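Chains, contacts and geometry: an overview
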Amino acid sequence: QVQLVESGGGLVQPGGSLRLSCAASGSIFRIDVMGWYRQAPGKQRELVATITSGGSTNYANSVKGRFTISRDSANNTVYLQMHNLKPEDTAVYYCNADVVRRDNGPTFRYWGQGTQVTVSS
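The paragraphs below set out a description of the structure included in this document. (Residues numbered from 1 in each chain as written. Predicted model: local features only at pLDDT ≥ 70, side-chain atom pairs only at ≥ 80, totals over all residues. Heavy atoms only, no water.)

A word on the overall build of the protein
Scanning the protein from terminus to terminus reveals 0 helices and 11 strands. Counted from the first residue to the last, the protein has its helices and strands arranged as β-β-β-β-β-β-β-β-β-β-β. Relative to a compact globule of 121 residues, whose C-alpha radius of gyration would be 14 Å, the protein shows 14 Å and is just as compact. Projected onto the principal axes, the alpha-carbon positions of the protein cover approximately 50 × 25 × 25 Å. Out of the 121 residues belonging to the protein, those deemed buried represent 42%. (Helix = DSSP H or I, 4+ residues; strand = E, 2+ residues; numbered from the N terminus. Rg over C-alpha atoms; globule rule 2.2 N^0.38 Å. Buried < 20%, exposed > 50% of the residue type's maximum accessible area, 1.4 Å probe, protein only.)

As for the pattern of salt bridges
This model, assessed by the stated rule, comprises 5 salt bridges. For Arg-38, the salt bridge is made with Glu-46, and the minimal N-O distance between the two is 2.7 Å. In this structure Arg-38 comes out as buried when scored by relative accessible area, which is 6%. Between Arg-66 and Asp-89 there is a salt bridge; the shortest N-O distance is 2.8 Å. A residue pair is termed long-range when its members are at least 10 positions apart, and Arg-66 in the loop between strand 6 (57-59) and strand 7 (67-72) and Asp-89 in the loop between strand 8 (77-82) and strand 9 (91-100) qualify at 23 residues. For Asp-89, a relative accessible area of 1% gives the class buried. Here the residues in one salt-bridge network are Arg-38, Glu-46, Arg-66 and Asp-89, joined through shared partners. (Salt bridge = Lys/Arg side-chain N within 4 Å of Asp/Glu carboxyl O.)

Some remarks on the layout of surface pockets
What the largest pocket holds in volume is close to 190 Å³. In terms of lining residues, the largest pocket is bounded by Arg-38, Ala-40, Lys-43, Gln-44, Glu-46, Ser-62, Arg-66, Lys-86, Glu-88, Asp-89, Thr-90 and Ala-91. Each residue belonging to the lining of the largest pocket can be placed in one class, and the counts come to 2 nonpolar, 3 polar and 7 charged. (1 Å grid on protein atoms, 1.4 Å probe; cavity = no way out; pocket = protein on both sides within 12 Å on 5 of 7 lines; lining within 4 Å. Points joined across faces, edges and corners; volume = space filled by probe spheres on them. Nonpolar A, V, L, I, M, F, W, Y, C, P; charged D, E, K, R; others polar.)

Some points on the packing of aromatic side chains
Aromatic ring pairs are defined here through the distance separating the ring centres and the angle between the ring planes. Enumeration over the complete set of coordinates arrives at 1 aromatic pair. With centroids separated by 5.2 Å and ring planes inclined at 65°, the aromatic side chains of Tyr-37 and Trp-111 adopt a geometry described as edge-to-face. Within this pair, whereas Tyr-37 is found in strand 4 (residues 30-39), its partner Trp-111 is found in strand 10 (residues 107-111), the two being separated by 74 residues in sequence. Of the residues examined, Tyr-37 reaches a relative accessible area of 17% and is grouped as buried. For Trp-111, a relative accessible area of 34% translates into the label partly exposed. (Phe/Tyr/Trp six-rings, centres within 6.5 Å; stacked < 30°, edge-to-face > 60°.)

Details of the nonpolar core
In terms of nonpolar packing, the biggest core is built from 30 residues, with Trp-36, Leu-80, Met-82 and Tyr-93 touching the most fellow members. Sorting the residues of this core by element identifies strand 1 (2-7), strand 3 (18-26), strand 4, strand 5 (46-51), strand 7, strand 8, strand 9 and strand 11 (115-119) as the ones contributing at least two each. (Core = buried A, V, L, I, M, F, W, Y, C linked by side-chain atoms within 4.5 Å.)

Observations concerning the sheet that holds strand 8
Taken in spatial order, the 4 strands of this open sheet run 1-3-8-7, and their pairing is antiparallel. Edge positions in the open sheet fall to strand 1 and strand 7, since each of these has one partner strand only. Averaged over all pairs of adjacent strands, the angle between their axes in this sheet comes to 15°, without regard to strand direction. (Pairing = 2+ DSSP bridges. Axes fitted to C-alpha atoms, helices over the stretch in contact; angles between N-to-C directions.)

Structure (structure tokens):
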């Protein structure tokens, strides 16, 4: 089995910064894409950012220039550095990972439990 554990959420004032972390553990041969999604109350879960094993990144337009995704592949960890936070960034943030559990095996997507980010004065 594979587990993803997020940390770093909290309450921050508009214009502030937070750094989220997500560590994957368990039966892992390789992790391909890792990413962050978020879900605000009453809304669908949406993509925030993704990063491939080669370091290629993709961002939602709403966070470009403010958020940076990075990863430590040796430790199966993905980060989301968030700057200039806005009230509309308030949501539960979820990480995911596309995991291969054995050589030439299939890819499975795993999700973390979510961490709350609240931007409010």
